[in-house]
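# Observations on the model geometry
One-letter residues, chain by chain:
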Amino acid sequence: MTAPPPMDFPAPGTFFLPGPTEVRPEVLAAMTRPMISHRSKVFEGMFARIQDGLRAVFLTERPVFVSTSSATGFMEGAVRCAPDGPILAVVGGAFGERFAHIGRNCERDVDVLEVPLGRGADPDDVARALGRRRYAAVTVVHSESSTGALTDIRAVAAAATQHGAQCLVDSVTGAAGAELRVDEWGLGFALTGSQKALALPPGLAFGVASAEFIGHAAHARGRGMYFDLAEFEEFAKKNQTPNTPALPLLYALDAQLARVREETIAARWARHRAMAEATHRWAASLGERLPGVGILAPEGERSPTVSAVTLPDGITGDDVVKGAKARGFTVGGGYGPLKGRTFRVGHMGDHTVDGVQRCLDACAEVLAERSGLKH
Ligand SMILES: *Cc1c(COP(=O)(O)O)cnc(C)c1O
């Protein structure tokens, strides 16, 4: 057997991409357990435990669906299973646009509500748009990972409910990092992926649907098969998945959910808030010496899990990514139209405030060097 060539892997505590995020060695190790039948009692026992753990993440009493796909799979499932009628897509960045794009590709009638880049959606704007036409569903992103903006999902969902529309929420960098209360907020469908704030390897998507949404899903035309959420519901009730799941990823999930439960979801939200606040303080203080450095999203609309940091003229996102890399840290470049003008820090998963601070210190060195500042 020929071994693959040696690769340079990031050292623990240095990987701050806004997804995938760093995974603990013991969670990675859980993936080496032997295969079992996904129609066995052993599996059902594990899946019952997994659903319990995920219910504590989504704050729901409903079954939780686990899909062997990336998060985008459940974005498509949400659209395919939504009741007949036009969809209002709230778009404040690349991932909001992805939801709109999925709608159009699934041959739905999609209207876009544009949100200024870097801002969270204004729930009053959403309510006004919902008043202009009868929509079957609203798609909205909780934490827009391309801009670092957070949307008040509770208020958007209230507007949707008032206008008889299902609220479909991409909480991919929200869930497990930002406050999310699926049942209390009356969400039609909320989804996330394994490789963001849950600090798992990529490859799984998690979702929760309201009973009302599933009532519609069971009759949705063109809902396809792999992302048929009514089928996910049936199987979740038996503690199974419709198809063969990625068992090693479920082993990792089972191990990680025990840790998340031990931390408690409220403490996890608070830790993410603290990591975000450290990033905001860092940007504000560096911005005093280096005008142009700041957080793209305004105060009150900032995601606790990811920040887009604006840059002075003459320094690009790529410069920071490369400079950080040379210092042993991985951060994300700008995304879409913000590519040149920002870089992104994923302060999410199992990281700590101290860990984020070390990464930010390295980024500050890069910025100081690039701009000729003494630090
Ligand atoms: C990462 C991300 C996605 C896409 O997730 P995949 O797992 O790559 O499909 C969707 N929405 C948001 C907000 C994300 O951050």
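No experiment lies behind these values; they were computed from the predicted model shown.

Calculation criteria
Residues numbered from 1 in each chain as written. Predicted model: local features only at pLDDT ≥ 70, side-chain atom pairs only at ≥ 80, totals over all residues. Heavy atoms only, no water. Helix = DSSP H or I, 4+ residues; strand = E, 2+ residues; numbered from the N terminus. Rg over C-alpha atoms; globule rule 2.2 N^0.38 Å. Buried < 20%, exposed > 50% of the residue type's maximum accessible area, 1.4 Å probe, protein only. Contact = heavy atoms within 4.5 Å. Areas by Shrake-Rupley, 256 points an atom, 1.4 Å probe, with all protein chains shown as cover. Lys, Arg positive; Asp, Glu negative; His and termini not counted. Charge placed at Lys NZ, Arg CZ, Asp CG, Glu CD. Domains from an automatic or database assignment. Buried area = accessible area lost by both parts, 1.4 Å probe. Salt bridge = Lys/Arg side-chain N within 4 Å of Asp/Glu carboxyl O. UniProt positions renumbered as here; feature names shortened; annotations may be inferred. 1 Å grid on protein atoms, 1.4 Å probe; cavity = no way out; pocket = protein on both sides within 12 Å on 5 of 7 lines; lining within 4 Å. Points joined across faces, edges and corners; volume = space filled by probe spheres on them. Nonpolar A, V, L, I, M, F, W, Y, C, P; charged D, E, K, R; others polar. Pairing = 2+ DSSP bridges. Near = heavy atom within 4 Å. Polar contact = N/O pair within 3.5 Å; in protein donor to acceptor, adjacent residues only side chain to side chain. Axes fitted to C-alpha atoms, helices over the stretch in contact; angles between N-to-C directions.

## So, the overall build of the chain
When helices and strands are tallied, the chain shows 12 helices and 14 strands. Computed over C-alpha atoms, the radius of gyration of the chain comes to 21 Å, within 12% of the 21 Å expected from 2.2 N^0.38 for 375 residues, which places it in the range of a compact globule. With the C-alpha coordinates aligned to their principal axes, the bounding extent of the chain is approximately 65 × 60 × 40 Å. Counting across all 375 residues of the chain, residues that qualify as buried make up 57%. Across the chain, every contact between residues at least 6 apart in sequence was considered, and the portion connecting residues at least 24 apart equals 73%. Surface summary for the chain: the accessible area is close to 15800 Å², and the carbon and sulfur share equals 54%. Put simply, the chain has 40 plus and 42 minus side-chain charges, and the middle of one group is 2 Å from the middle of the other.

## What to know about the domain arrangement of the chain
In terms of domains, the chain is made up of domain 1 (26-263) and domain 2 (265-371). Facing 32 residues of domain 1, the contacting portion of domain 2 comprises 23 residues. Summing the contributions of domain 1 and of domain 2, the shared interface buries around 2300 Å²; its carbon and sulfur component is 57%. The partner of Glu-301 in a salt bridge is Arg-119, and the shortest N-O contact between them spans 2.6 Å.

## With respect to the UniProt feature "modified residue: N6-(pyridoxal phosphate)lysine" (unreviewed entry) in the chain
According to UniProt, the feature "modified residue: N6-(pyridoxal phosphate)lysine" (unreviewed entry) maps to Lys-196 in the numbering used here. Exposure remark for Lys-196: the relative accessible area of 10% places this residue in the buried category. For Lys-196, the residues in contact, after removing those within four places along its chain, are Pro-18, Gly-19, Thr-21, Val-172, Thr-173, Met-348 and Gly-349.

## Thoughts on empty space enclosed by the protein
Applying the stated criterion across every chain yields a total of two cavities of 30 Å³ or more. Taken as a whole, the largest cavity spans an internal volume of roughly 80 Å³. Lining the largest cavity are 13 residues, and of these Gly-92, Arg-119, Val-141, Glu-144 and Thr-151 lie nearest its centre. Of all the secondary-structure elements, those providing two or more residues to the lining of the largest cavity are strand E3 (87-91), strand E5 (137-141) and strand E7 (149-150). Its volume calculated, the second largest cavity comes out at about 70 Å³. Sorting elements by how many residues they give to the lining of the second largest cavity places strand E2 (residues 65-68) first, with three residues. Considering only residue class, the lining of the second largest cavity consists of five nonpolar, five polar and no charged.

## Notes on the UniProt feature "domain: Aminotransferase class V" (unreviewed entry) in the chain
The sites that UniProt annotates as "domain: Aminotransferase class V" (unreviewed entry) are residues 101-329. Helix and strand shares over residues 101-329 are 41% and 16% respectively, and the end C-alpha atoms of the span are 33 Å apart.

## Considerations on the sheet that holds strand E12 (residues 306-310)
Pairing is mixed in the open sheet, where five strands are placed in the order E1-E13-E14-E12-E11. Every other strand in the sheet has two partners, leaving strand E1 (15-16) and strand E11 (294-295) as the edge strands with one partner each. Bridge analysis of E11 against E12 gives two bridges, and the strand direction is antiparallel. Note that in E12 the partner of Gly-294 across the bridge is Thr-310.

## Brief notes about the site of the ligand
With respect to spatial proximity, 14 residues lie near the ligand, and among them Ser-70, Thr-72, Ser-145, Asp-170 and Lys-196 are the closest. Here an oxygen atom of the ligand and a backbone polar atom of Ala-71 are 2.9 Å apart. Here Asp-170 contributes a side-chain N or O atom positioned 2.6 Å from a nitrogen atom of the ligand. Compared with its free state, where it exposes 380 Å², the ligand has 89% of that area covered by protein. Breaking the shell around the ligand down by element, the ones donating at least two residues are helix H3 (71-80) and helix H4 (94-105). With three residues, H3 is the single largest residue contributor to the shell around the ligand. Class assignment for the residues of the shell around the ligand results in five nonpolar, six polar and three charged.

## Digging into the sheet that holds strand E9 (residues 189-193)
Taking strand neighbours across the sheet as the criterion, the seven strands line up as E2-E10-E9-E8-E5-E3-E4 in an open arrangement whose pairing is mixed. Both edges of this open sheet fall to E2 and strand E4 (110-114), since each of them pairs with a single strand only. When strand polarity is set aside, the average angle formed by the axes of neighbouring strands in this sheet is 20 degrees. Packed onto the sheet, helix H5 (residues 123-132) meets E3, E4 and E5 and runs at close to 155 degrees relative to E3.

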